Amino acid sequence: MKGYLLVFSLSVLVVFGLFVALETLSKPSEMELGVNEWIFVENNIGFDRSILPATFYKVLKKPGYVVLSYQITEGALRKFHDKRFYLNLPQISASFLEVYADGSLIGSFGCSNKRIGYIWYQPLIFAIPNDVRTITLHMSGINELGINEPVFITTSVFKYSILSFLTGVGISILIGMSLMNGFVLFIFARNSEHEKRREYNLFALGNYFVTIWLLRFIPFETLHSEAIFLVLRKIFIASAFFALAFLFQAISAFYYLTSTRFDKPLFIINICAAIALFLAPNSYSFTILNSRVLNFILFVNAFFIFFKAIKSYSLGFFFAGSFFVLTLLVDSLSLLLHTGQRYLTSFSAPMLFLVSSYNIILDYKNLLVQTRLAHARSITDNLTGAFNRGILNDLVPEPTDTFVYIDLNDFKKINDTYGHEIGDEILKLLVSKIRSHIRFNDIVVRMGGDEFMIILKDCSQEKAVEIIERIANEFNNSHPLKPVLSYGVKIFTGSLMETIRQADSLMYQMKYRLKEKDLL
């Protein structure tokens, strides 16, 4: 329990630190524009006030625009002397933006002839003249329009650079990692047994949907038409609910080994939420449905993910789950209250799947090791440690390999006279002597009883004869019973069985000659 409290405390600190970091980076705080000083010049989104607050956000029933102007008092920038000035917009919700300084266009986002872009997460910055007196923003929106963070004039691009990296390059890296994770898990699934295949496929699908969801944080300068704009938004946001649906199934399959009674209802709820988003007839109803109705489902998901993280008995997954749940709660409140706060789940959701993928990779590695050990045991002779005949099914000899077939002369007599323990000792000694004279990639096989075979890789027949003669002499002199070997040496003929047969025949010829010699 103490470990869980420490991990949960760490996740709280990480969320708080991320929140503070993004807020700090969003406020260069050299000169804030917007505290009851932005003046609307023109709009069609229902603002009837001449002075706007520092930030504003509006869900649009139809495409809208607003023209905002800010007057810089004479001498306001004098304290910055001759430094370069930049207009920093940490976060806006718009489809198109033009920035004017004293009536001259100094920068823009999107295509002016087709104002159907999409930006809301990444910061923007524009260089402005030192003697500027009036800043004017022309903003257009398809389904939402707003300045989510106060606008600044700054002389430094340091904070902007970090924030731009986090919300631009950082998100792109997470997209790449999520996509790669899904691909790796899919490969694992194809090479795993049936039960594990389902677990890996569920996590792979979750990673794919998280990848699609992360695309909603990428700015698009144009999306060709309003219909495509709406369809893409539906796909991006619905993917979050699809990812959560498969996540619940995957967690239970991997950490619980079986589904819980909440998994099926949660799966259905998330799938229905995703389908409901696709059924929204227009951008306005889609935004309202997402922010006010389906927001409750996010709270429900957060609660059950936290519950599952506790029951997983994995501190790593509990940290990722706690981090995700806390950011999900913060983002749900931001979505409900339209605070304009950057979504933290863009960082925590990929981490949740990354940690799960890491655990799966470890699980797959353990399964692979167990499989290899089981296979090794199945093809290994328990007594001597040499391979058994099962290794022959895996052999793919090369034309330059040489086979040495060995038989221990009068081994039955040794067993009958001195006992099987002495016989076993001699067999183990023989394998030990063989291994001391061959290379690591050469192979020793116990063909049965007192018969062995050595496969010398990339070795001539003449060299093989030298090696086996040294082994035979050393083996003979290493035991009081003076055991003797018979052997046959044959280079690979192109057929494994035929090569073994010929080497075996040569071994019996030598055995016969040694018996004749003993008789004489």
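The preceding data block contains the structure.
Keep in mind the model is a prediction, meaning the values are calculated, not measured. (Residues numbered from 1 in each chain as written. Predicted model: local features only at pLDDT ≥ 70, side-chain atom pairs only at ≥ 80, totals over all residues. Heavy atoms only, no water.)

## Looking at empty space enclosed by the protein
- Scanning all chains against the criterion turns up three cavities of 30 Å³ or more.
- The computed volume of the largest cavity comes to approximately 310 Å³.
- Where the lining of the largest cavity is concerned, the elements lending two or more residues are α3 (194-214), α4 (226-256), α8 (315-337) and α9 (345-378).
- Considering every element that reaches the lining of the largest cavity, the biggest residue donor is α4, with seven residues.
- The residue makeup of the lining of the largest cavity, split by class, is 17 nonpolar, four polar and two charged. (1 Å grid on protein atoms, 1.4 Å probe; cavity = no way out; pocket = protein on both sides within 12 Å on 5 of 7 lines; lining within 4 Å. Points joined across faces, edges and corners; volume = space filled by probe spheres on them. Helix = DSSP H or I, 4+ residues; strand = E, 2+ residues; numbered from the N terminus. Nonpolar A, V, L, I, M, F, W, Y, C, P; charged D, E, K, R; others polar.)

## Concerning the pattern of salt bridges
- A complete count under the given rule lists nine salt bridges for this structure.
- With a shortest N-O distance of 3.0 Å, D416 and K412 are connected by a salt bridge. Taken together, the residues span about one helical turn, with D416 and K412 both in helix α10 (residues 411-418) at a distance of four residues.
- Residue K412 is classed as exposed on the basis of its relative accessible area, which comes to 62%. (Salt bridge = Lys/Arg side-chain N within 4 Å of Asp/Glu carboxyl O. Buried < 20%, exposed > 50% of the residue type's maximum accessible area, 1.4 Å probe, protein only.)

## What to know about the sheet that holds strand β12 (residues 144-147)
- Strand order across the open sheet formed by three strands is β4-β12-β7, with antiparallel pairing between neighbours. Two strands lie at the open edges of the sheet, namely β4 (56-59) and β7 (92-93), each paired on one side alone.
- Pairing of β4 with β12, which is carried by four bridges, proceeds in the antiparallel orientation. Residue F56 lies in a different strand from β12, and its bridge partner there is I147. (Pairing = 2+ DSSP bridges.)

## Re the sheet that holds strand β14 (residues 402-408)
- In spatial order, the strands read β15-β16-β14-β17; together these four strands make up an open sheet with antiparallel pairing. Looking along the sheet, the strands with just one partner apiece sit at the ends: β15 (443-448) and β17 (485-491). With strand direction ignored, the average angle separating the axes of adjacent strands in the sheet is 20°.
- Of the strand pairs in this sheet, β15 and strand β16 (residues 451-456) are connected by five bridges, and their pairing is antiparallel. Bridging from a neighbouring strand, V444 pairs with I454 of β16. (Axes fitted to C-alpha atoms, helices over the stretch in contact; angles between N-to-C directions.)

## Details of the layout of surface pockets
- Looking at the largest pocket, its volume works out to about 400 Å³.
- Contributions of two or more residues to the lining of the largest pocket are made by α10 and α13 (496-519).
- Partitioning the lining of the largest pocket into residue classes produces six nonpolar, two polar and seven charged.

## Notes on the pairing of strand β9 (residues 104-109)
- Inspection of the sheet shows strand β8 (residues 96-101) paired to β9 by five bridges, in the antiparallel sense. Looking at the pairing, A101 lines up with S104 of β9.
- Where β8 folds back onto β9 in an antiparallel hairpin, the turn is made up of two residues, including D102, whose phi is positive at roughly 50°.

## Focus on the packing of helix α2 (residues 158-190) against α9
- The interhelical angle for the contact between α2 and α9, taken along N-to-C directions, is 30°, at an axis separation of 10 Å. Compared by their axis directions, α2 and α9 come out roughly parallel. Once α2 is placed against α9, the crossing between them reads as left-handed. Packed against α2, whose contacting residues are L166, I171, L174, M177, S178, N181, L185 and F188, the element α9 presents S346, F347, P350, L354, S357, I360, I361 and Y364 at the interface.
- A class-by-class count of the residues in the contact of α2 with α9 yields twelve nonpolar, four polar and no charged. (Parallel < 35°, antiparallel > 145°, perpendicular 65-115°, else oblique. Left-handed = near helix turned anticlockwise from the far one by under 90°. Contact = heavy atoms within 4.5 Å.)

## Describing the pairing of β16
- When you tally the buried positions in β16, you get six out of six residues, the bulk of the element.
- Burial along β16 is two-sided: the face carrying E451, M453 and I455 and the face carrying F452, I454 and L456 are both buried.
- In the sheet, β14 pairs with β16 via six bridges, with the strands oriented antiparallel. Within β16, the position partnered with D407 by the bridge is E451.
- Here β15 folds back onto β16, and the loop between the two strands holds two residues, one of which, G449, carries a positive phi near 55°.

## Quick notes on a nonpolar patch on the surface
- Together, F165, V169, I173 and M177 give the surface a local cluster of nonpolar side chains, amounting to about 340 Å² of exposed area.
- Locating V169 in the fold gives a position in helix α2. (Patch = residues over 30% accessible without salt bridge, like charges linked within 9 Å, V, L, I, M, F, W, Y side chains within 5 Å. Areas by Shrake-Rupley, 256 points an atom, 1.4 Å probe, with all protein chains shown as cover.)

## Here we look at the nonpolar core
- Core analysis: the largest hydrophobic core is formed by 81 residues, its most contacted members being F203, F217, F241, L247 and L277.
- Of the residues forming this core, the biggest block, 19 residues, is contributed by α4.
- Leave out the neighbours within four places in its chain, and L277 touches K234, I237, A238, F241, F286, L289, N290 and L294.
- Counting residues in hydrophobic clusters, the runner-up holds 30 residues, among them L89, A94, L97 and I135. (Core = buried A, V, L, I, M, F, W, Y, C linked by side-chain atoms within 4.5 Å.)

## What to know about the packing of aromatic side chains
- Evaluation of the coordinates by the stated rule reveals 19 aromatic pairs.
- Taking the centre distance of 4.7 Å and the plane angle of 65° together, the rings of Y121 and F217 count as edge-to-face. Taken together, the positions of Y121 in the loop between β9 and β10 (124-128) and F217 in the loop between α3 and α4 put the pair 96 residues apart, joining distant regions of the chain.
- Among the aromatic residues, ring-to-ring pairing joins W120, Y121, W213, F217 and Y343 into one connected group.
- Across the ring face of F217, the terminal group of R216 is positioned such that the distance to the ring centre comes to 5.6 Å. (Phe/Tyr/Trp six-rings, centres within 6.5 Å; stacked < 30°, edge-to-face > 60°. Lys NZ or Arg CZ within 6 Å of the ring centre and 35° of its normal.)

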